Amino acid sequence: MLPTLAYAVTSPHAKFAPFHFERRELGPRDVLIKILYCGICHSDIHSARNEWANSMYPMVPGHEIVGQVVRVGSDVTKFKLDDTVGVGCFVDSCRTCSSCREGEEQFCEKHISFTYNGTEQDLHTLTYGGYSSQIVVDEHYVLKIASHLPLASIAPLLCAGITTYSPLRHFNVGPGHRVAVIGLGGLGHMGVKLAVAMGAEVTVFSRTLAKEQDAKRLGAHHFVATDSTDLNALANSFTFMLNTVSELYNPDQYLNLLSKSGVMVVVGIPEQPLQIHPVSLIMRRRMLAGSLIGGIAETQEMLDYCAEKNISSDVEIIPIQNIEHAYERIIKGDVRYRFVIDMNTLG
Ligand code: NAP
Ligand code: ZN
Ligand code: ZN
């Protein structure tokens, strides 16, 4: 077994503290990755604090992992020593169901092994994520990183990047689309960069004017501060909305701004259920959809697309001892736009 150092929480109200555990020995298809950086996703906070009522402890969050291959199993063909690699939101799946065979492992119909707060395919061994020194992953679930941009700014692509890329691609967003990105946080700022790169006209919806200059710098064409705008004036304005809001909100106020047959894709997962008036959908035949991260093939496609277009995340790099402070700032909306842990600070 491989002794591993991490930061973990042991209950919804506990503070993060150093935690020692063991990663499995490498199987023939496994790679051992020394973790260099790990992004902090709002899902880490929802999970650490049991806001989705599905948390298992002790919990080592972190699913925006970049690192270096330091050992490979005997049958590994995709990677060699010293390769720069990424690991996202899941580390295994059944590999046999139709979704797995179609390369949409995120929708595995039998059992997906999330990177943390999940279980291995044996259904009982807890998974531990990227707030740790190293991780062992089957090569199929490891991504190649070819970007020349700073590695810390690549880490958030493994969740925030693919979660926004996948619905934009699924709904063929491109030139001629009027896109609204709702919430300018970790996911939102990647959604803006990607939708702009794909040729859409992009409007950011944010609660206040505070992020207006940032939104424009990220490439957005328009900015709406919801606390000071009469949203009725924007009726019929958007063909596609990407809703990244992490707390409870009123979906009708956004749905009513979609044009005929427009789609709002919800990716944010508030603790509480949303309430929708059917008329918001019925008028203009609007659609409401959801989207979950992306499969391995699409995640690789997204990483390669970002490398080609020089797209990465705007990050603030922190030592691991500052996780609690980072969580408080994320909750306040005070992150520009992703915290990334420098894993060297683990000691
Ligand atoms: P984040 O960085 O905290 O961004 C969320 C943004 O939502 C904030 O920056 C804020 O934008 C807006 N917001 C927060 N509270 C709000 C409120 N009460 N009313 C209106 N807007 C509010 O979080 P993230 O990491 O981007 O994650 C966003 C959500 O997506 C989380 O719920 C996360 O769990 C979920 N998620 C889902 C998937 C998936 O596969 N579907 C993947 C990753 C994450 P402004 O400051 O601009 O108003
Ligand atoms: Zn995430
Ligand atoms: Zn499956």
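Above this text you will find the structure in question.
Residue positions are counted from 1 within each chain, in the order its sequence is given. The lettering of chains begins at A and the numbering of ligands begins at 1, in the order of writing. Selection of residues for local features in this predicted model requires a pLDDT of at least 70, selection of side-chain atom pairs for listing and counting requires 80 or more, and totals for whole chains, interfaces and linings are taken over all residues. Side-chain metrics rest on all non-hydrogen atoms present in the structure, leaving aside hydrogens and water.

## Comments concerning the pattern of salt bridges
Here is step 1: When a carboxyl oxygen of Asp or Glu lies within 4 Å of a side-chain nitrogen of Lys or Arg, that pair is called a salt bridge. By the definition in use, this model includes 17 salt bridges.
Here is step 2: Among the ionic pairs, Arg29 bridges to Asp138, the shortest N-O distance being 3.5 Å. Pair noted here: Arg29 is in the loop between strand 2 (17-23) and strand 3 (30-39) and Asp138 is in strand 8 (residues 134-138), with a separation of 109 residues, a long-range link.
Here is step 3: Any residue under 20% of the maximum accessible area for its type is buried, any over 50% is exposed, and the rest in between are partly exposed; the area is computed with a 1.4 Å probe on protein chains only. Assessed through its relative accessible area of 45%, Arg29 is described here as partly exposed.
Here is step 4: The partner of Asp314 in a salt bridge is Arg217, with the nearest N and O atoms 3.0 Å apart. Numbered from the N terminus, helices here are DSSP runs of H or I no shorter than four residues, and strands are runs of E no shorter than two.

## Focus on helix 4 (residues 160-170)
Here is step 1: Counted residue by residue, helix 4 has nine buried out of eleven residues, so it is predominantly covered.
Here is step 2: All of the buried residues along helix 4 are Ala160, Gly161, Ile162, Thr163, Thr164, Tyr165, Ser166, Pro167 and Leu168.
Here is step 3: In this analysis, two residues are considered to be in contact whenever any of their non-hydrogen atoms come within 4.5 Å of each other. Lining the buried residues of helix 4 we find helix 5 (186-197), strand 13 (238-243), strand 14 (258-266), helix 9 (296-309) and strand 17 (338-342).
Here is step 4: Following helix 4 by one or two positions, Asn172 adopts a phi angle in the positive range, close to 50°.

## Some thoughts on unusual backbone geometry
Peptide bonds are, in most cases, trans, and in most cases residues other than glycine have a negative phi.
Here is step 1: Here the amide bond leading from Tyr57 into Pro58 is cis, since omega sits at -5°, within 30 degrees of zero.
Here is step 2: Looking at the element boundaries, Pro58 is found in the loop between helix 1 (42-48) and strand 4 (65-72).
Here is step 3: Along the chain, Arg336 connects to Tyr337 via a cis peptide bond; the corresponding omega equals -5°.
Here is step 4: As for its position among the elements, Tyr337 is in the loop between helix 10 (323-331) and strand 17.
Here is step 5: The phi angle at Asp82 is positive, at roughly 75°, despite the residue not being glycine.
Here is step 6: Within the element layout of this structure, Asp82 appears in the loop between strand 4 and strand 5 (84-87).
Here is step 7: Positive phi outside glycine occurs at Leu123, with the angle close to 70°.

## Some thoughts on the coordination of the zinc ion (ligand 2)
In ideal tetrahedral geometry, four donors around a metal make angles of 109.5 degrees, whereas ideal octahedral geometry with six donors gives angles of 90 or 180 degrees.
Here is step 1: Protein coordination at the zinc ion (ligand 2) comes from Cys41 (SG), His63 (NE2) and Cys159 (SG), with a distance range of 2.0 to 2.3 Å.
Here is step 2: Each donor residue of the zinc ion (ligand 2) belongs to the same chain, and together they define the spacing C-x21-H-x95-C. One end of the pair, Cys41, is in the loop between strand 3 and helix 1; the other, Cys159, is in the loop between helix 3 (151-154) and helix 4, and 118 residues separate them in sequence. Coordinating donors are taken as N, O and S atoms within 2.8 Å of the metal, stretched to 3.2 Å for Na, K and Ca; because water is absent from the atoms, sites can appear incomplete.

## Some points on the coordination of the zinc ion (ligand 3)
Here is step 1: The protein atoms that coordinate the zinc ion (ligand 3) are Cys94 (SG), Cys97 (SG), Cys100 (SG) and Cys108 (SG), at distances spanning 2.3 to 2.4 Å.
Here is step 2: In primary-sequence terms, the residues that donate to the zinc ion (ligand 3) follow C-x2-C-x2-C-x7-C.
Here is step 3: We classify Cys97 as buried; its relative accessible area is 6%.

## A closer look at the environment of Ser313
Here is step 1: In this fold, Ser313 is placed in the loop between helix 9 and strand 16 (315-319).
Here is step 2: Classification of Ser313 as buried rests on a relative accessible area of 4%.
Here is step 3: Note: C-alpha distance between Ser313 and Arg336 (23 residues apart in sequence) is 9.5 Å.
Here is step 4: Those residues in contact with Ser313 that lie beyond four places of it in its chain are Ser153, Pro156, His189, Met190, Lys193 and Arg338.

## Quick word on the site of ligand 1
Here is step 1: In these notes, residues near a molecule or strand are those with any non-hydrogen atom within 4 Å of it. Surrounding ligand 1, one finds 27 residues, the nearest of these being His42, Leu187, Ser206, Lys211 and Arg338.
Here is step 2: What qualifies as a polar contact is a pair of N or O atoms within 3.5 Å, subject to a donor-acceptor requirement within protein and to the restriction that residues adjacent in sequence count only when both atoms come from side chains. One of the backbone N or O atoms of Leu184 is found 2.8 Å from an oxygen atom in ligand 1.
Here is step 3: Between ligand 1 and Val267, the relevant distance is 3.0 Å, taken from a nitrogen atom to a main-chain nitrogen or oxygen of the residue.
Here is step 4: In short, Shrake-Rupley with a 1.4 Å probe defines the accessible areas, and a residue's cover is counted only from the protein chains shown. Coverage of ligand 1 by the protein amounts to 91% of the 920 Å² it exposes when considered alone.
Here is step 5: Mapped onto the shell around ligand 1, the elements with two or more residues apiece are helix 1 and helix 5.
Here is step 6: It is helix 1 that provides the largest number of residues to the shell around ligand 1, a total of three residues.
Here is step 7: Classification convention: Asp, Glu, Lys, Arg as charged; Ala, Val, Leu, Ile, Met, Phe, Trp, Tyr, Cys, Pro as nonpolar; all other residues, Gly among them, as polar. Looking at side-chain class alone, the shell around ligand 1 contains eleven nonpolar, twelve polar and four charged residues.

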